[in-house]
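Report on the structure
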Amino acid sequence: MIFTVFLTIAAFGVKNGFGSEEVLLVRLTNGSSPCEGRVEIFHNQSWGTVCDDYWDLADVVVVCRQLGCGFAELARGSATFGVGTDNIWLDDVKCEGMEQSLGECASHQLGKHNCHHREDAGAICNRDQPPKPILSLSRSVDVLVKGEDILIYCGSLGFYKNAAFYLYRDGESNPIASRTPKSRGNSAAFLLKNINEDQEGNYSCGYDVEESGRVFTSARSQSITITVKDQLKGPKIRDNARANVLVRGQLLEITCEAPSFLSGSRFHLHKRGDDNFMASMVASARSNSVVFQIPDITSREEGNYSCDYQAEIAGKLFNSNRSLDLKVQVIDDLDLRLADGQSRCSGFVQVFFNGTWGSVCGSSWDIADAQVVCRQMGCGFAKTSSPTSVQDIEPPVYLSVVRCGGAERYLWVCPARAWTKDLTCDRGGAARVTCTDTPSEPVFTISGKGMYFKGESIEIVCRVTSLYRGAKMLLFRDGQKEPLMTANVTSTLNMAKFNMTNINKTHDGKYWCNYQIEVAEITFQSANSLPKEITVVEDMDLRLVGGTDTCSGRVESFYNGTWGSICASGWNILNGQVVCSQLGCGFGRAIVPGGHFGEASGPILFDHVRCTGLEAFIWNCPSQRLNTRTCHERNDAGVICSDRPQQPEIGLLRPLGFYAQGETIEIQCVSPPYLPGATFHLEKAGNPSMNNTVVAAENSSNVTFSIENINLTQAGIYQCWYQIQTQGKCYNSTTSDQIKVSVIERPSGPLIRLFRDNSRYSIGEFVDIQCTAPSVISGAIFNLRKVGAEEVVQSKLSAGFAATFTIANVTYANGGDYTCSYQLKRSGQLYNSTESNAINVNVTDELQRPVIDVLRPIATFVPGEDIIFRCSASSVFAEITFFLYKVGESGAVSVEGPNTSSNAKLTIYNMTNIQESYFTCMFKVAIGKRLYISTHSDRVQISISDFTEKPSISLKFPFKVYPQGQILTFICTAPKQYQPRDFQLYKDKRVPVARVELRGASAEFTILNTSMSDQGEYVCIYQTTVKNRRYNSSASDPFSLSVAENMQHRLVNGTNRCNGRVEIFFGDQWGTICDDHWGLSDARVVCGTMGCGDAVTAPTHAKFGQGIGPIWLDDVACRGDESALWQCGSRIWGQHNCQHGEDASAVCSGIKPTIRLVPDYGIFVNGEMVKINCSLGGRNASHRIDFYKDLSYLGHRILDLGVQWAVYEISNVSAQDVGNYSCVFHNQVSGTSVNSSMSSPVLIAVTDPLPMPKIDLLTVDGLQVVNCSVDKMRGNSTMNLFQLRSNGTKQILSVQMSNCSSTFHLNTTGSAGENHYACLYQVQVNGRSLKSSYTQYVQVATSGSSNVKSIVGWFLAVLIAILVLVASVLYCKRSQSSGIKREYRIYVRERLLDDMTHIEAIDDDRAH
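This report concerns the structure included in the present document.

Calculation criteria
Residues numbered from 1 in each chain as written. Predicted model: local features only at pLDDT ≥ 70, side-chain atom pairs only at ≥ 80, totals over all residues. Heavy atoms only, no water. Helix = DSSP H or I, 4+ residues; strand = E, 2+ residues; numbered from the N terminus. Buried < 20%, exposed > 50% of the residue type's maximum accessible area, 1.4 Å probe, protein only. Contact = heavy atoms within 4.5 Å. Areas by Shrake-Rupley, 256 points an atom, 1.4 Å probe, with all protein chains shown as cover. Polar contact = N/O pair within 3.5 Å; in protein donor to acceptor, adjacent residues only side chain to side chain. Phe/Tyr/Trp six-rings, centres within 6.5 Å; stacked < 30°, edge-to-face > 60°. Pairing = 2+ DSSP bridges. Axes fitted to C-alpha atoms, helices over the stretch in contact; angles between N-to-C directions. Core = buried A, V, L, I, M, F, W, Y, C linked by side-chain atoms within 4.5 Å. Salt bridge = Lys/Arg side-chain N within 4 Å of Asp/Glu carboxyl O.

1. Focus: the overall build of the protein chain
- In terms of regular secondary structure, the protein chain is built from five helices and 112 strands.
- Expressed as a percentage of the 1408 residues in the protein chain, the buried residues total 48%.
- The contacts of the protein chain with a sequence gap of at least 6 include a subset with a gap of at least 24, amounting to 65%.
- Split by element, the accessible area of the protein chain, about 69,400 Å² in all, is 48% carbon and sulfur.

Right, dumping it as structure tokens:
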């Protein structure tokens, strides 16, 4: 039978927007009784339903109260009582449970919703019985220890006035305890003291409710079973074995973990067979576990381990049971070797484990890993460490992704993936190591390009690997045995710096460095770094030309025998100051426009000079030097000097110059930064006697004058000047501009503000009001007043310039307007400020709606995770309790409070799939005798997934366009709450070929040499473990990679291919570049890419005409070292705000030179001569070529006019000369000398001469043999046997060597006599055949022989030769008569084969 109940209510629309005169009907339909069913509202002449969004037990309480159906039992959603058919009238209903009708509850306006009828809300009421209470323990477990105290909490839902709470055991009808709550209290606590076995059982609770003068008894709560034990539950125990394997030397870590609620316990570690515990540790106050560490384990540490703990509960100590046994087995039988190398200290790294040798994977292998190997092998120091190709790996693989720190004792104790049967090496081949007796050489760098000017400073940096931090670095110079300087490498850096200041010609020479490290009190010296040369130029001079005297004019510098000028690009007064100071002309007064003093006839020597003003010489300033740029016409730099320093700047340290009496005035006076340490004077206009003097610090160029306790007489005009002593003279500056100081009788009013955007506060909140005086004031008395009241509300002393007033537990009486002021006490007198503007405090009894959020960016979780919500109130209350609700359920799932915080963290532990839902929060505040309840917050959705939160994917170097051939690195980053185990990158659902490197919570996937096949969408995932279960993450958002099939640069409309308008080919179309921010660094990239040398100028405004295609790039910002323009920073490809009148251009120095070695060997032998030839092609305006080794300046050659090449000669090449050599030429472009780009490098490799082999004459089986051998075989080796003859030596035999010796069998038959033999060793290296010297000859005796076959063979051969000769003569005569010439070349070769002589003839016919 289906019942329907109607109720007429008046809905005033205060919260839900209902019309104030409208009468609504509510009913419950489709239920089994009048008090349950689908909730429906009558509106606009039709019945409609209520959406279940935010529908919970508080809403059902109101419905049941309206219908007279007693108490709320359950809130139902998802159309439990069937779907409605008409309108949905209400949505987002948010009752607090105290309302008398739905009309008083907050909701959307009637008819406004975002629901379907499958979300219709329902209600179940109970006429006679309030809802079940919630029963909980003060601990999260129900297994207790004999003697402890336990609290049992019984809580109602707080919607009804509770009369009493009752505690029951084992289903008995009579309670064992009762509690009467405070007024409107909704919970009670029952204390079981000193619990024992007698108190074991099932506990439940209930409560009475007083409603309409009648008392109702609730249903019983769910029961809790309490079990009492003699001791606490034993802890969990585990170790850090990798793949269940512990090995010798490893750090054994044993973790003991108590139940989660027992933090701060004391743990004991036991080993079976020992009477006492072997170790004891106390967990931190927030941790329930400890880790016992046993370092450098061996088989002696094998055995069964267990642990227990002692915990303090309610002030009492309780002991736990022992944990289960942990069996520890240590594998001692391990070893390490380097295989297939040239010695035991080089080769593939192999580990002996489980009875076999296995490989070590080279993925992530580095020098720190190699250092551990070399130390363990007793082989000294790591020289090289590198993985091989994947094909070189031999199974089994025992270690992979090794990450040593460098100090480990054994390789197998380093962090790594280890020992598993299925371990593979799919991202790198076998690890390979080469060790050496000395530490590897440092990396040696010198600032600049090897050529320096007199007076400059040079910084020399020597770097070592991070393994040798703390080493002692030594700097050497050629010709000196003792180090020039020493420095210690700090523990945080891996380098040492050496500085040479004010250099001159005596600093010329080659420099290098090495370092010393101490190991076990033994000092080891590293190999020397590669040397670098320093050349100091001293023939420099400076003058001013074209001015009225020697202290004004165009700046010219003398260098390399000629006077040249300085380009005015970037020229400023700091540069002019250095010039004036260097010439003894005082101070820079003004710089003049380029060309003001006429044009120089010589070359441009410097451009973009950037002085600080403190340099001693103009050439010490950073600049682009020696003909690196062509200046525009009439653009030579000039300066006018003066014997008076520049005027200082003056200013007040307050934006406005108004001061109250008694305040302190602070006036700052500043000289130019290049004139520090001056004496400053402050004067008041019209009062010369008022003169304050302050001396600036030695390295400072400003001072601050303080005038304390000012009065009206000190108002007026102030100015300052300074004195400076330099070059033995004292100079006075001109006077500064003037500033005005105004003094008023009362201090200016403060600012007043609330710490909230609106002025609305809920009753019981804390209101903070800040009063702020001008920032120059310090030490004041601040007063807060309420407008209309005579007395001060609050007063505060402040040592600063602001004070904050707090009105706690605000009430209606605190509402109103407030102002503030402050008092200054100066010289014993009080000065009152004016009042601030007024602010309004509006107090209401409606609590502000809280804000809920999840402490994770994405609210998706996997089963087993803990979810932490944060519920934030609008302000601080004296006592506040927060509640977390699951939408559609009546009871709070988490409660926090009461406390005084404005927010709380509410946690759901060990989340499961059935808890996936929407959640909201609210809070309750007790103020006086009244309980205030906030509305519910917005809801947040929690989703449970089989996949953890997705990672983010990005590019390490995000280029705007991705050309082919680029190295591309994707970064996959897991969310911070997870500890990922592995990562994987996918392209279009397939795994691309990429090198991977794990970096904690992220991984880098590097794709080498990108091509069109790499274009597509990329995603990544990671793998992690949650509560001992392994999960894959969701895939990251896709990253779309587009690779340009054909991208090119070109320069058009110029005089040649190396100057013109810059254009880029992209998408089958040429386009231009906008000149916004276009500069020399950008042009340098274009010139370098096109092989056109260095950039000379970077013209703008369509210097070479306007383009007609698209504008591809704008706001280009290159560093200058990029390989293409599209690798520079810029706007998004194709976006710009330009016209073709702004097309960018470039003028380059020209093509790079070519370099070659003479002779052109792939390798040279120590002591040989090498010539390095640098050729300029068709250019003939060059005057100098610079040679470089490993990009460090080596030397230069001056060219005669018209000569197009130069040679750098190394007469006796040695190992010190190994390196890459290149050259640069200086060319004349538009009358200015500029650098070409650097040539491609050529490599000089050097080896020692081949050792002379050994020769031995042996008898084997009665036959004489020659044995030729070497101590060590190299590469592709051949051994040759030579015979000494009257006309020299002749090679008679040659053998490809497979080992270090070769044996030659001799034919000792023939005519009697002696033969002499020698060996020569030959090796093919880098395309060159290297030969040793001949061995000494050995003598071999031969006996005569009557070999008939040989005699017959010779006779037949001679006879046949005669017959052939006769035949050829006859044939020749016949050929001449017919006009055809035939030529026979007859080769006679004797071979004794089957007792016959064979003759071969080749007939060459040629038409004439």
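2. Here we look at unusual backbone geometry
- Following Gly 897, the chain continues to Pro 898 via a peptide bond in cis, the omega torsion being 0°.
- Checked against the element boundaries, Pro 898 lands in strand β72 (residues 892–899).
- At the junction of Val 1158 and Pro 1159, the peptide bond is cis and its omega measures out at -5° in the coordinates.
- Along the polypeptide, Pro 1159 turns up in the loop between β93 (1154–1158) and β94 (1164–1165).

3. Thoughts on the environment of Gln 516
- Note that Gln 516 resides in strand β40 (residues 509–519).
- A relative accessible area of 23% means that Gln 516 is categorised as partly exposed.
- Through-space distance from the C-alpha of Gln 516 to that of Leu 474 is 7.9 Å; in sequence the pair is 42 residues apart.
- Non-local contacts of Gln 516, meaning those with residues more than four positions away in its chain, are made with Ala 471, Lys 472, Leu 474, Thr 523, Phe 524 and Gln 525.
- Separated by 2.8 Å, the side chains of Gln 516 and Gln 525 make a polar contact.

4. Some points on the packing of aromatic side chains
- The final tally for this structure, using the stated rule, is 27 aromatic pairs.
- With a centroid separation of 5.7 Å and an interplanar angle of 40°, the aromatic rings of Phe 165 and Tyr 207 are classed as tilted. Remark: Tyr 207 occurs in strand β14 (residues 201–211) and Phe 165 occurs in strand β11 (residues 162–169); sequence separation between them is 42 residues. Of the two residues, Phe 165 and Tyr 207, neither departs from the other in class, the shared state being buried.
- Taken together, a centroid distance of 5.2 Å and an interplanar angle of 55° make the contact between Phe 1065 and Trp 1070 tilted.
- Taken together, the aromatic side chains of Phe 353, Tyr 398 and Trp 419 make up a single cluster linked through ring pairs.

5. Re the sheet that holds strand β52 (residues 665–670)
- Ordered by their spatial adjacency, three strands build an open sheet running β50-β52-β55, and the pairing between neighbours is antiparallel. The outermost strands of the open sheet, each flanked by one partner alone, are β50 (649–652) and β55 (702–707). Going from strand to strand, the sheet's axes swing by 20° on average, the running direction of each strand aside.
- Sheet analysis places β52 next to β55, joined by six bridges and oriented antiparallel. Note that in β55 the partner of Gln 668 across the bridge is Thr 704.

6. Focus on the sheet that holds strand β39 (residues 495–500)
- The strand order β34-β36-β39 describes an open sheet built from three strands, whose pairing is antiparallel. Since the sheet does not close on itself, it has two edges, and those belong to β34 (443–446) and β39, each with one partner. Each strand of the sheet is rotated relative to its neighbour by a mean of 15°, with strand direction disregarded.
- Two elements, strand β36 (residues 458–463) and β39, share six bridges in a ladder whose sense is antiparallel. Along β39, the bridge assignment pairs Arg 463 with Met 495.

7. A few points about the nonpolar core
- By size, the foremost hydrophobic cluster in this structure holds 52 residues, and its most contacted members are Val 50, Trp 55, Val 93, Leu 102, Ile 152 and Ile 226.
- Sorting elements by how many residues they give to this core places helix α1 (residues 57–67) first, with eight residues.
- Apart from residues lying up to four places away in sequence, Trp 55 is in contact with Val 39, Val 50, Val 60, Val 63, Ala 75, Arg 76, Val 93, Ala 121, Gly 122, Val 887 and Gly 888.
- Counting residues in hydrophobic clusters, the runner-up holds 48 residues, among them Leu 847, Phe 869, Phe 877 and Ile 908.

8. Quick word on the pattern of salt bridges
- Evaluation of the coordinates by the stated rule reveals 34 salt bridges.
- In this structure, Asp 982 engages Arg 417 in a salt bridge whose closest nitrogen and oxygen atoms are separated by 3.5 Å. A residue pair is termed long-range when its members are at least 10 positions apart, and Asp 982 in strand β80 (residues 982–987) and Arg 417 in strand β32 (residues 417–418) qualify at 565 residues.
- Asp 1037 is the partner of Lys 950 in a salt bridge, and the nearest nitrogen-oxygen pair spans 2.6 Å.

9. Considering the environment of Thr 912
- Turning to its location among the elements, Thr 912 is positioned in the loop between β73 (903–908) and β74 (917–927).
- The partly exposed category is assigned to Thr 912, whose relative accessible area is 33%.
- Along the chain, Thr 912 and Pro 863 lie 49 residues apart, while their C-alpha atoms are 4.9 Å from each other.

10. Looking at the side chain of Asp 149
- Mapped onto the fold, Asp 149 is located in the loop between β9 (143–145) and β10 (150–155).
- Separated by 2.6 Å, the side chain of Asp 149 and the backbone nitrogen of Asn 194 make a polar contact.
- In this structure Asp 149 touches Leu 191, Leu 192, Lys 193, Asn 194 and Lys 316, once residues within four positions along its chain are discounted.

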